Amino acid sequence: MDYRRRLREIREDRDLTQKQIAKVIQKSQQGYSHIENGRAELKIEDLILLCDFYQLSADYVIGRTDDPRG
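Residues numbered from 1 in each chain as written. Predicted model: local features only at pLDDT ≥ 70, side-chain atom pairs only at ≥ 80, totals over all residues. Heavy atoms only, no water.

A. Spatial organisation of the environment of R8. Mapped onto the elements, R8 comes out in helix α1 (residues 3-13). Judged by relative accessible area, which is 28%, R8 ranks as partly exposed. As a C-alpha pair, R8 and N37 span 29 residues in sequence and 9.2 Å in three-dimensional space. Residue contacts for R8: discarding those within four places in its chain leaves E36 and N37. (Helix = DSSP H or I, 4+ residues; strand = E, 2+ residues; numbered from the N terminus. Buried < 20%, exposed > 50% of the residue type's maximum accessible area, 1.4 Å probe, protein only. Contact = heavy atoms within 4.5 Å.)

The following block contains the structure:
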């Protein structure tokens, strides 16, 4: 699974908005939208923040495993 689709699914499953997640990684809503829609790459620093926020492994978020804990 593409990490962008997984990011969107995780966010939507938790009933969060792009604006709320953008605050977590200190970006604008538009900046985060660009990540989910493939117009910008997810920086490793932002991946770490998202993994900490969601309490999920990086392998799960980027689609390397189906196990949320890694």
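B. Broad picture of the pattern of salt bridges. All told, the structure shown has seven salt bridges when counted by the stated rule. K27 is paired through a salt bridge with D46; the nearest N and O atoms lie 3.2 Å apart. A residue pair is termed long-range when its members are at least 10 positions apart, and K27 in the loop between α2 (18-24) and α3 (29-36) and D46 in helix α4 (residues 44-54) qualify at 19 residues. Residue D46 is classed as buried on the basis of its relative accessible area of 6%. As a salt-bridge pair, R64 and D59 come within 3.7 Å of each other at their nearest N and O atoms. Each of R8, R11, E12 and E36 takes part in a single network of salt bridges with overlapping partners. (Salt bridge = Lys/Arg side-chain N within 4 Å of Asp/Glu carboxyl O.)

C. Highlighting the environment of K19. Its place among the elements puts K19 in helix α2. Of the residues examined, K19 reaches a relative accessible area of 55% and is grouped as exposed. Spatially, the C-alpha atom of K19 lies 8.2 Å from that of Q30, the residues being 11 residues apart in sequence.

D. Local environment of α4. Of the positions making up α4, those classed as buried are D46, L47, L50, C51 and Y54. Mapping the buried residues of α4 onto a view down its axis gives an arc of 135°, with all of them on the same face. On its buried side, α4 packs onto α1, α2, α3 and α5 (58-61). Two residues or fewer past α4, Q55 is found with a positive phi of approximately 55°. (Arc of directions from axis to C-beta.)

E. Representation of unusual backbone geometry. Of note in the backbone geometry, Q26 takes a positive phi value of approximately 55° without being a glycine. Mapped onto the elements of the fold, Q26 is located in the loop between α2 and α3. The exposure class assigned to Q26 is exposed, which follows from its relative accessible area of 73%.

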